[in-house]
Amino acid sequence: MIDVKLANTWGVAQVSPVTVRCHFAFADVCHAGLKQGGHLRALNAVQLAAKQTYELGPEAAVDIVTWVHSGSLTAQMNGFDAQTLAPQSLHLASTGSGCSRIIWQSGTEGAAFYQIWLLADVAGTTPEQETRPAQLALEDGGFRILASGFPEDDPEEEAEIEDGAPVTLCARARVLHAILPEGEGAAYCTTPQRMLLLLVVEGAVTLGQIMLHAGDTATLREQTDLTVIAQSTATVLLIDVAEL
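Every residue gets a number counted from 1 within its own chain, in the order that chain's sequence is written. Per-residue local features are limited, in this predicted model, to residues with pLDDT of at least 70; the limit for side-chain atom pairs, both in listing and counting, is 80 or more; totals at the level of whole chains, interfaces and linings are taken over all residues. The basis for every side-chain value is the complete set of heavy atoms in the structure, and neither hydrogens nor water enter the calculation.

A.B. asks: What's the story with the sheet that holds strand β13 (residues 174-180) in this structure? I'm lost.
C.D. replies: Backbone hydrogen bonds are what pair the strands of a sheet, in a parallel or an antiparallel way. For two strands to pair, DSSP has to find at least two bridges joining them. We count a stretch as a helix when DSSP gives it H or I for four or more residues in a row; a strand needs E for two or more, and each element gets its number in order from the N terminus. As summarised here, the arrangement of the seven strands in space is β1-β18-β15-β20-β13-β11-β12, forming an open sheet in which the pairing is mixed. Each edge of the sheet is formed by a strand with only one pairing partner; in this case those strands are β1 (2-5) and β12 (167-168). Both strand β15 (residues 194-202) and strand β20 (residues 234-242) contribute to a ladder of eight bridges, which runs antiparallel. Looking at the pairing, Leu 196 lines up with Asp 240 of β20.

What follows is the structure, encoded as structure tokens:
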């Protein structure tokens with residue numbers, strides 16, 4: 001089963017003073033058109049004006065993955081140093097046993113970013129913060145894993161991660177990314193009882209006979225494989241999570 005949600009059908013939540021576009025029910029928005037997504041608690045699109053701040057907390061038992069689309073962003077989880085993110089950089093706030101506050105502040109040109117909330121499968125962990133810079137040199141037209149809670153995706157322990165290895169989630173989930181030239185495709189296969197959500201960030205793609213444009217999503221249930229073809233140069237994010 002494939003459920004398509006067009007960009008103009010996302011909900012709008014007010015997280016004072018920031019307006020957040022939400023794929024699922026979030027904050028003060030809860031209605032029948034915004035279904036929950038298994039262990040994918042939230043998928044939000046946030047746009048900040050210059051030097052604007054977006055603040056959340058307290059939070060616990062959830063991994064919040066932030067992927068920057070444009071502009072620059074500084075992210076800070078309480079108890080950790082602030083991290084500056086450029087476009088296509090990623091920040092993970094793994095809230096574990098509890099985090100009182102997480103702050104994101106845009107730079108002088110503002111920022112647009114997506115946030116993916118994943119319910120943790122491991123309880124009571126110590127809160128952690130991780131970041132990864134953009135790794136455009138590693139993009140080969142296929143899906144690249146940005147974040148994972150699967151042991152087989154874990155990098156060997158090193159003092160510094162220099163090879164684009166994914167950040168480590170407490171959720172049994174993956175967040176993947178692909179940049180596709182026009183006419184090229186990417187394929188992905190998962191296991192049964194999983195949910196796949198494809199988000200088109202830029203460009204246009206087809207998923208079988210379904211056309212998707214920037215901001216559109218396709219959620220696949222009871223399917224283990226996906227092939228997406230770019231109809232123009234496209235950037236996509238893919239989320240692989242367990243069904244509840």
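Next comes the rest of the write-up.
A.B. asks: For this particular structure, what's the right way to read the packing of aromatic side chains?
C.D. replies: Note on aromatic pairs: each is described by the distance of the centres and the angle between the planes. Between rings of Phe, Tyr and Trp, where Trp is taken as its six-membered ring, a pair exists when centres lie within 6.5 Å; planes separated by under 30 degrees are stacked, by over 60 edge-to-face, and by other angles tilted. Inspection of every chain in the model, using the stated rule, returns four aromatic pairs. Ring plane angle 75° and centroid distance 5.3 Å describe the contact between Phe 26 and Trp 117, whose orientation is recorded as edge-to-face. In this pair, Phe 26 is assigned in the loop between β3 (18-22) and β4 (40-48) and Trp 117 in strand β9 (residues 102-119), connecting sequence segments 91 residues apart. The same class applies to Phe 26 and to Trp 117, which are both buried. Between the aromatic rings of Tyr 54 and Phe 113, the centroid separation amounts to 6.4 Å while the plane-to-plane angle is 50°, which identifies the pairing as tilted. A 1.4 Å probe rolled over the protein chains alone gives each residue an accessible area, and that area as a share of the maximum for its type sets the label: buried under 20%, exposed over 50%, partly exposed in between.

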